[in-house]
Amino acid sequence: MPLTGEYAPSTSDHARKQAEAFEASEGERANLLRGRPIIVLTTVGASTGALRKTALMRVEHGGRYAVVASKGGAPDEPKWAGNMRRQPHVELQDGADKRDYTARELAGDERDEWWARSLETWPDYANYQTKTDRLIAVFLLEPHEA
């Protein structure tokens, strides 16, 4: 079941434009970030209930996706991570394909496995981890069961 709610555009001009252009073109435009393929993640705002859209690196394996809450190694994590902890039902658009997924935060060996996959996609995640004291959260998105 698709997410419902009012769309609240990002306050970051670049992020908003990329997510909106990607979505409007069904992934034909604005589909790269620093030369790497992206997906657009839609979460429900934890305090507002508004729909939030974020362009993130595409880390896919076997129909499941990882999203890495790196925020470039900032001391605080991106808002979408907290949104997913509170409301794990999300939408993910990969190219023209938009589907519902259920998010869960990974730990232990499973986190290590998906962290390694994430590093294959975007090696800078390792640099981001050295910039912060927090363990960067990794979430697994699995096809949503109604």
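Criteria and thresholds
- Residues numbered from 1 in each chain as written.
- Predicted model: local features only at pLDDT ≥ 70, side-chain atom pairs only at ≥ 80, totals over all residues.
- Heavy atoms only, no water.
- Helix = DSSP H or I, 4+ residues; strand = E, 2+ residues; numbered from the N terminus.
- Rg over C-alpha atoms; globule rule 2.2 N^0.38 Å.
- Buried < 20%, exposed > 50% of the residue type's maximum accessible area, 1.4 Å probe, protein only.
- Contact = heavy atoms within 4.5 Å.
- 1 Å grid on protein atoms, 1.4 Å probe; cavity = no way out; pocket = protein on both sides within 12 Å on 5 of 7 lines; lining within 4 Å.
- Points joined across faces, edges and corners; volume = space filled by probe spheres on them.
- Nonpolar A, V, L, I, M, F, W, Y, C, P; charged D, E, K, R; others polar.
- Core = buried A, V, L, I, M, F, W, Y, C linked by side-chain atoms within 4.5 Å.
- Phe/Tyr/Trp six-rings, centres within 6.5 Å; stacked < 30°, edge-to-face > 60°.
- Lys NZ or Arg CZ within 6 Å of the ring centre and 35° of its normal.

Asks: In this structure, what is going on with the overall build of the chain? I would like to understand it.
Replies: Of regular secondary structure, the chain possesses four helices and eight strands. Helices and strands in the chain line up, N terminus first, as α-β-β-β-β-β-α-β-β-α-α-β. Relative to the 2.2 N^0.38 estimate, which gives 15 Å for 146 residues, the radius of gyration of the chain is 14 Å and therefore close to what a compact globule would have. Its C-alpha atoms give the chain principal-axis dimensions of about 35 × 30 × 30 Å. The buried share of the chain, reckoned over its 146 residues, is 44%. Long-range contacts, defined as pairs at least 24 residues apart, comprise 63% of the intrachain contacts of the chain with a sequence gap of at least 6.

Asks: Just checking my understanding: could you explain the layout of surface pockets for this structure?
Replies: Sizing a probe to match a water molecule and rolling it over the atoms shows the empty space that remains. One number sums up the size of the largest pocket: a volume of about 920 Å³. Lining of the largest pocket is provided by 33 residues; of these, A15, T54, L56, P78 and W80 occupy positions nearest its centre. A per-element tally of the lining of the largest pocket places strand β3 (residues 51-57) first, with six residues. Residue composition of the lining of the largest pocket, by class: 16 nonpolar, 12 polar and five charged.

Asks: Even after reading the chapter, I still don't get the nonpolar core, so can you show me in this structure?
Replies: Across soluble globular proteins, nonpolar side chains show a tendency to be buried alongside one another. Within the largest apolar cluster, 16 residues are counted, with the highest numbers of intra-cluster contacts made by I39, L41, V67, W80, M84, F139 and L141. With three residues, the top contributor of residues to this core is helix α2 (residues 79-86). Ignoring anything within four residues of it in the chain, the contact list for L41 reads R52, K53, T54, L56, W80, M84, V90, E91 and L141. Counting 13 residues, the second largest nonpolar core, distinct from the first, contains M57, W114, Y128 and V138.

Asks: Would you explain the packing of aromatic side chains in this entry?
Replies: This model, assessed by the stated rule, comprises four aromatic pairs. Ring centres of W115 and Y125 lie 6.1 Å apart, and the angle between their planes is 40 degrees; on these two criteria the pair is classed as tilted. Taken together, the residues W115 in helix α3 (residues 108-121) and Y125 in helix α4 (residues 124-130) connect sequence positions 10 residues apart. Classification of W115 by relative accessible area gives buried; the value is 13%. Owing to a relative accessible area of 6%, Y125 belongs among the buried residues under this scheme. One aromatic cluster is present, formed by W115, Y125 and Y128 through successive ring pairs. The positively charged end of R117 is found above the aromatic ring belonging to W114, 4.6 Å away from the centroid.

Asks: In this structure, what is going on with the environment of V44? I would like to understand it.
Replies: The residue V44 is located in strand β2 (residues 36-44) in this model. The class for V44 is buried, based on a relative accessible area of 14%. Considered as a pair, V44 and E91 are 47 residues apart in the sequence and their alpha carbons are 9.5 Å apart. Excluding its chain neighbours within four sequence positions, the residues that come into contact with V44 are L3, G49, A50, L51, N83 and Q87.

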